[in-house]
Amino acid sequence: MADTPAPRHRVLLVTGLLGAGKTTVLRVLEDLGWETIDNFPIRFLGRLIDSPDTAGAELRAPLAIGFDSRTRGFDPGKVIDRVKRLAERADLELTTLFLDCSGQELERRYNETRRRHPLAQDLPASSGIMAERELMEPLRSWADMVISTSNFSSNDLQQAIRERFSDEGSKPITVSITSFGFSRGTPPLADLVFDMRFLDNPHWDKQLRPMTGQDAPVADHVRKDPAFEEAFTRIRDLILMLLPRYRAQGKAYVNIAFGCTGGRHRSVFVAEEMTRVLTSAGYAPSLTHRNLGTRAADGVEGKH
């Protein structure tokens, strides 16, 4: 009987533009059970992977290695050649993740932290960002995965990494429901977005305006809209059909967002109702009302 091949050691290289979120990614991976090393001289990658390990190959934790343009003698071309050779090994599953970010957002982050860009000590941060982007472009083009964090908060990035790299096994799918206002932007990680602006807007009723979708008078107002019942039923049936199929494809997290103009009335009520439906169906959805505390304003609501 032939010997069963040893499992391949999973190795993830994490790189990208400075300030794009590498430290956050490595912290999340560590929480997920990965062994992590940051600011590693990539020229020693082969030695690190082949270093003696007291545990058998089947017990080794996946390894995440962070590096960036600050490494002495950094040369993207040489990095790519070295990683290509390692990727040919039958005992390794080697992947490269590149974290990108817009120059404007990186400038904002540097200004916020009052830190100088390492490649622009005596120049504006924008100069260092441009130089680094040009230097790192070969790695960005070659990487297996690219994540742009321009519109991500720290929590958004953490959630994205958990979705891609957590080993959920047989755990049930994790469902998140969010209500939001389109006037303040769409949640960046939403898998399914439903626009509730076709429903009659309680904002234009002076008695309902100070209330929210959690209040019974607002709920009654939305329910009485002739389009509500059929639309909600169709959305409910679609979600209940999709969730098992997402799980079958190995998706561990599903983020469902309901939006209206200001994020205080219609989207809040529908998100509450869908949370009750999914709870009754055996799921355990988390519920977030992103803009519930936002002040009601005619200028925001417009004609919707």
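Residues numbered from 1 in each chain as written. Predicted model: local features only at pLDDT ≥ 70, side-chain atom pairs only at ≥ 80, totals over all residues. Heavy atoms only, no water.

### Concerning the overall build of the protein
Alright, step 1. Counting its regular elements, the protein contains 10 helices and 9 strands.
Alright, step 2. Looking at the protein as a whole, 43% of its 304 residues are labelled buried.
Alright, step 3. Only carbon and sulfur atoms are counted for the fraction: they give 48% of the accessible area of the protein, which is about 16400 Å². (Helix = DSSP H or I, 4+ residues; strand = E, 2+ residues; numbered from the N terminus. Buried < 20%, exposed > 50% of the residue type's maximum accessible area, 1.4 Å probe, protein only. Areas by Shrake-Rupley, 256 points an atom, 1.4 Å probe, with all protein chains shown as cover.)

### Details of the sheet that holds strand β6 (residues 174-181)
Alright, step 1. Read across the sheet, 4 strands follow the order β7-β8-β6-β9 without closing on themselves; strand pairing throughout is parallel. Each edge of the sheet is formed by a strand with only one pairing partner; in this case those strands are β7 (192-195) and β9 (286-289). Neighbouring strand axes in the sheet, compared pairwise and without regard to direction, differ in orientation by 15° on average.
Alright, step 2. Where β6 meets β9, 4 bridges bridge the pair, whose relative direction is parallel. Within the sheet, the bridge partner assigned to S176 lies in β9 and is S286.
Alright, step 3. Packing against the sheet, helix α8 (residues 228-248) makes contact with β6, β7 and β8 (253-260), and its axis sits at approximately 175° to β7. (Pairing = 2+ DSSP bridges. Axes fitted to C-alpha atoms, helices over the stretch in contact; angles between N-to-C directions. Contact = heavy atoms within 4.5 Å.)

### Thoughts on the nonpolar core
Alright, step 1. Residues L13, L29, L97 and I161 are the most contacted members of the largest nonpolar core, which totals 45 residues.
Alright, step 2. Broken down by element, the residue count for this core peaks at 5 residues, all from strand β4 (residues 92-100).
Alright, step 3. Those residues in contact with I161 that lie beyond four places of it in its chain are V25, V28, L29, L32, L97, I147 and S166.
Alright, step 4. In terms of nonpolar packing, the next biggest core, distinct from the first, is built from 26 residues, M196, I235, F258 and Y283 among them. (Core = buried A, V, L, I, M, F, W, Y, C linked by side-chain atoms within 4.5 Å.)

### Topic: the sheet that holds strand β5 (residues 145-148)
Alright, step 1. The 5 strands are arranged β2-β3-β1-β4-β5 in an open sheet whose pairing can be described as parallel. One side of each edge strand has no neighbouring strand; the edge strands of this open sheet are β2 (35-37) and β5. Averaged over all pairs of adjacent strands, the angle between strand axes in this sheet comes to 20°, irrespective of strand direction.
Alright, step 2. Across 8 bridges, strand β1 (residues 9-16) lies against β4 in parallel orientation. Residue pairing in the sheet places G16 in a bridge with L99 of β4.
Alright, step 3. Helix α5 (residues 125-142) contacts β1, β4 and β5 of the sheet and is inclined by roughly 140° relative to β4.

### Things to note about the packing of helix α7 (residues 216-223) against helix α9 (residues 266-280)
Alright, step 1. Packing of α7 against α9 leaves a shortest axis separation of 10 Å and a crossing angle of 90°. If you check the angle between α7 and α9, you find them roughly perpendicular. From α7, A219, V222 and R223 reach across to α9, where they touch R266, F269 and E273.
Alright, step 2. Taken together, the residues of the contact of α7 with α9 sort by class into 3 nonpolar, no polar and 3 charged. (Parallel < 35°, antiparallel > 145°, perpendicular 65-115°, else oblique. Nonpolar A, V, L, I, M, F, W, Y, C, P; charged D, E, K, R; others polar.)

### Focus on the environment of N291
Alright, step 1. As for its placement among the helices and strands, N291 is situated in the loop between β9 and α10 (298-301).
Alright, step 2. Residue classification places N291 among the buried residues on the basis of a relative accessible area of 6%.
Alright, step 3. Separated by 27 residues in sequence, N291 and R264 place their C-alpha atoms 6.3 Å apart.
Alright, step 4. Apart from the residues within four sequence positions on either side, N291 is in contact with S179, F180, G181, R184, G262, G263 and R264.
Alright, step 5. In this structure the side chain of N291 is engaged in a polar contact, spanning 2.7 Å, whose partner is the backbone nitrogen of G181. (Polar contact = N/O pair within 3.5 Å; in protein donor to acceptor, adjacent residues only side chain to side chain.)

### Side note on the pairing of β1
Alright, step 1. In terms of burial, β1 is a largely internal element, 7 of the 8 residues being buried.
Alright, step 2. Where β1 meets strand β3 (residues 63-66), 4 bridges bridge the pair, whose relative direction is parallel. Residue pairing for β3: V14 is matched across the bridge by G66.

### Considerations on the pattern of salt bridges
It is possible for side chains of opposite charge to pair when their charged atoms get near one another.
Alright, step 1. A full pass over the atoms with the stated rule returns 14 salt bridges.
Alright, step 2. Of the charged contacts in the structure, one is a salt bridge between D100 and R133, with a shortest N-O distance of 3.1 Å. With D100 in strand β4 and R133 in helix α5, the pair connects residues that are 33 residues apart, well separated along the chain.
Alright, step 3. For E230, the salt bridge goes to R234, with nearest N and O atoms at 2.8 Å. In this pair, E230 and R234 both sit in helix α8, 4 residues apart, roughly one turn of the helix.
Alright, step 4. Accessibility expressed as a relative area gives 47% for E230, which makes it partly exposed.
Alright, step 5. Ionic contacts of the salt-bridge type, sharing partners, join the residues K22, D38, D68 and R70 into one network. (Salt bridge = Lys/Arg side-chain N within 4 Å of Asp/Glu carboxyl O.)

Function cannot be inferred from these measures alone, as they are strictly geometric.
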